[in-house]
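# Summary of the model geometry
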Amino acid sequence: MPRQKLIAIICLVVGALPLPVYPGLLVANIMGFAATGQGSAPLLLQIAAKGFFLTSTLYPAAFLVGLVLALWHGRKDNLRAMLISSVIPLIYLAVVLFLFILWVSAE
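So, a few notes on the structure that sits alongside this text.

Check the secondary structure of the protein chain and you find 5 helices and 0 strands. Counting from the amino terminus, helix and strand elements in the protein chain follow one another as α-α-α-α-α. For a compact globule of 107 residues, the expected C-alpha radius of gyration is about 13 Å, and the protein chain comes in at 17 Å, more than 25% above that figure. Considered along the principal axes of its C-alpha atoms, the protein chain spans approximately 55 × 25 × 15 Å. Per-residue burial for the protein chain yields a buried fraction of 32% across its 107 residues. Relative to all contacts within the protein chain whose residues are 6 or more apart in sequence, the contacts with residues 24 or more apart total 76%. In the form shown here, the protein chain has an accessible surface area of approximately 6,900 Å², with 76% of it arising from carbon and sulfur atoms.

Shown next, in the form of structure tokens:
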């Protein structure tokens, strides 16, 4: 097995690790969206909170896009594109983590 293919598989497996806790996260995010506004909270805090809720809610879609693209490129033996596609979920997770840290630190 080529090294790039192995790295792509590892990236996809690591990207799939948050998926088992997603149902609980989805329930919490729905409650967060339904919550009333924070009144006079700073704009950065509001943007970080809503951004975290939105990006973490949509994570399975981002993972699915990365998985489908990686599999499609893998079938065509385009290993470089497969590797790039398999990193999409990890980059998305980094954005979610950044928004979470921004939200927590802004409070």
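One finds Ala41, Leu45, Ala48, Ala49, Phe52, Phe53, Val96, Leu99 and Trp103 forming the largest nonpolar core, which totals 9 residues. Secondary structure elements with two or more residues in this core: α3 (43–57) and α5 (79–106). Counting residues per element, this core draws most heavily on α3, which supplies 5 residues. Setting aside its immediate chain neighbours within four residues, valine 96 contacts Phe52, Thr55 and Ser56. Grouped together as the second largest cluster of nonpolar side chains are 6 residues, Ala70, Leu79, Met82 and Leu83 included.

A positive phi is found at aspartate 77, a non-glycine position, where the angle reads about 55°. Note on placement: aspartate 77 falls in the loop between α4 (59–75) and α5. On the accessibility criterion, aspartate 77 (60% relative accessible area) is exposed.

All right, on to the packing of aromatic side chains then. What the rule picks out here adds up to 8 aromatic pairs. Each ring, one from phenylalanine 52 and one from phenylalanine 53, has its centre 6.2 Å from the other, and the planes form 50°; the classification is tilted. Residue class for phenylalanine 52 comes out buried when judged on its relative accessible area of 12%. With relative accessibility at 11%, the residue phenylalanine 53 sits in the buried group. Both rings, one in tyrosine 59 and one in tyrosine 92, keep their centres 6.0 Å apart while their planes meet at 35°; by these two values the pair is tilted. Residue tyrosine 59 is found in helix α4, and its partner tyrosine 92 is found in helix α5; the two are separated by 33 residues along the sequence. Here a set of aromatic residues connected by ring pairs shows up, and it is made of Phe33, Phe52, Phe53, Phe100 and Trp103.

To continue, consider the environment of leucine 90. With respect to the helices, strands and loops of the structure, leucine 90 is situated in helix α5. Along the backbone, leucine 90 and phenylalanine 63 are 27 residues apart, and their C-alpha atoms lie at a distance of 8.5 Å. When sequence neighbours within four positions are dropped, the list of residues in contact with leucine 90 reads Cys11, Val14 and Gly15.

Rules used throughout
Position numbers for residues count from 1 along each chain, tracking the sequence in the order it is written. In view of the model being predicted, local features appear only for residues whose pLDDT reaches at least 70, and side-chain atom pairs are presented and counted only at 80 or more, with totals across whole chains, interfaces and linings using the full set of residues. To get the side-chain values, all heavy atoms of the structure are used, and hydrogens and water are removed first. Under the scheme used here, helices are H or I runs from DSSP no shorter than 4 residues and strands are E runs no shorter than 2 residues, and both carry numbers assigned from the N terminus. Atoms counted for the radius of gyration: C-alpha only. Globule rule: 2.2 Å times residue count to the power 0.38. Burial classes: relative accessible area under 20% of the type maximum marks a residue as buried, over 50% as exposed, and values in between as partly exposed (1.4 Å probe, protein chains only). Only heavy atoms enter the contact rule, under which two residues are in contact if any of them lie within 4.5 Å. Only the protein chains shown count as covering a residue, and every accessible area follows the Shrake-Rupley method with a 1.4 Å probe. Here, the term nonpolar core denotes a set of buried Ala, Val, Leu, Ile, Met, Phe, Trp, Tyr and Cys residues that are joined through side-chain atoms within 4.5 Å. For Phe, Tyr and Trp, rings pair up if their centres lie within 6.5 Å, where Trp contributes its six-membered ring, and each pair is then called stacked (planes under 30 degrees apart), edge-to-face (over 60) or tilted (otherwise).

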